[in-house]
Amino acid sequence: MILIQDGKRYDEKKFSLEADFEEQIFAARETIFGKDAIFIDAKKKIGTLALGNAIPDGFLFDLSDPDNFEFYIVEVELEKHDFYNHIFPQITKFFAFFKNSKRQKELVEKLFSTINTDAALKRRFKKYLGEQEIFKFLSDLIDASQNILLVIDGAKPELPEITDTYSDTWGKMVRVLEVKKFDPKEGSIITVDPAFENIEF
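Residues numbered from 1 in each chain as written. Predicted model: local features only at pLDDT ≥ 70, side-chain atom pairs only at ≥ 80, totals over all residues. Heavy atoms only, no water.

> Just give me the short version of the nonpolar core, but keep the residues and values in it.
What tends to happen in soluble globular proteins is that the nonpolar side chains get buried as a cluster. With 39 residues, the main nonpolar core has Phe-61, Phe-71, Ile-91, Phe-125, Phe-137 and Trp-170 as its most contacted residues. Per-element tally for this core: the top contributor is helix 4 (residues 83-98), with eight residues. Aside from chain neighbours lying at most four places away, what touches Phe-137 is Phe-61, Leu-63, Phe-69, Phe-125, Leu-129 and Gln-132. Of all hydrophobic cores here, the second largest spans 19 residues; its members include Phe-15, Ile-25, Tyr-72 and Ile-199. (Core = buried A, V, L, I, M, F, W, Y, C linked by side-chain atoms within 4.5 Å. Buried < 20%, exposed > 50% of the residue type's maximum accessible area, 1.4 Å probe, protein only. Helix = DSSP H or I, 4+ residues; strand = E, 2+ residues; numbered from the N terminus. Contact = heavy atoms within 4.5 Å.)

What follows is the structure in structure tokens.
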């Protein structure tokens with residue numbers, strides 16, 4: 001796929017390494033998720049804390065709706081990865097995390113420590129929480145809002161059947177965001193489908 005605008009050609013960039021795609025997502029996080037979302041890079045900020053024996057790529061707090069804050073475990077994947085041998089088991093492990101109250105408590109403690117020791121990050125949360133206590137906010141939100149965001153650089157044909165078959169897990173908890181990057185000689189274009197603010201639909 002290519003994009004053409006005003007006679008200028010933009011070629012789709014295919015990522016050979018997942019780490020490069022993860023870096024692109026983090027660099028463009030405000031554009032992709034919106035200015036009212038806080039994305040925490042799990043590997044850099046949280047370290048090797050495993051959720052259901054799998055280490056996610058990030059944690060996303062969607063704070064755009066004051067009456068309905070949302071929490072997401074973020075998993076970044078390449079379209080070329082095998083679905084049943086790689087993507088499916090990785091996402092399935094996060095379902096196990098959401099059923100394990102001990103693991104949830106460990107994550108809350110780690111996130112709280114991370115936020116509390118990062119002044120800029122703490123200010124961002126307090127902007128939305130006001131006087132609400134951060135630890136309680138994290139504990140309540142992770143218990144009530146259990147979402148997994150799969151960010152991928154291309155369509156996987158297996159997904160529609162999987163979400164229909166496993167409607168109580170994949171169909172209910174997993175949201176898919178397809179992100180592509182197109183490069184001209186200078187600058188770049190990023191496409192996001194669907195727009196993150198419409199991800200629940």
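> Hey, could you go over the side chain of Lys-180 for me, with residue numbers and the actual values?
Structurally, Lys-180 is set in strand 7 (residues 174-183). Lys-180 gets classed as buried once you look at its relative accessible area, which sits at 16%. If we ignore the near neighbours within four places in the chain, the residues touching Lys-180 are Met-1, Glu-12, Asp-153, Gly-154, Ile-189, Ile-190 and Thr-191.

> Pulling in residues and values, what's your account of the pattern of salt bridges?
By the definition in use, this model includes seven salt bridges. Linking Asp-11 and Arg-9 is a salt bridge whose minimum nitrogen-to-oxygen distance equals 2.7 Å. One salt bridge connects Asp-140 with Lys-136, and the closest N-O pair in it is separated by 2.6 Å. On the criterion of helical spacing, the pair formed by Asp-140 and Lys-136 is a turn pair, its members being four residues apart in helix 7 (residues 134-144). We classify Asp-140 as partly exposed; its relative accessible area is 37%. Classification of Lys-136 by relative accessible area gives partly exposed; the value is 48%. When salt bridges with common partners are traced through the structure, they connect Glu-12, Lys-14, Glu-178 and Lys-180 into a single cluster. (Salt bridge = Lys/Arg side-chain N within 4 Å of Asp/Glu carboxyl O.)

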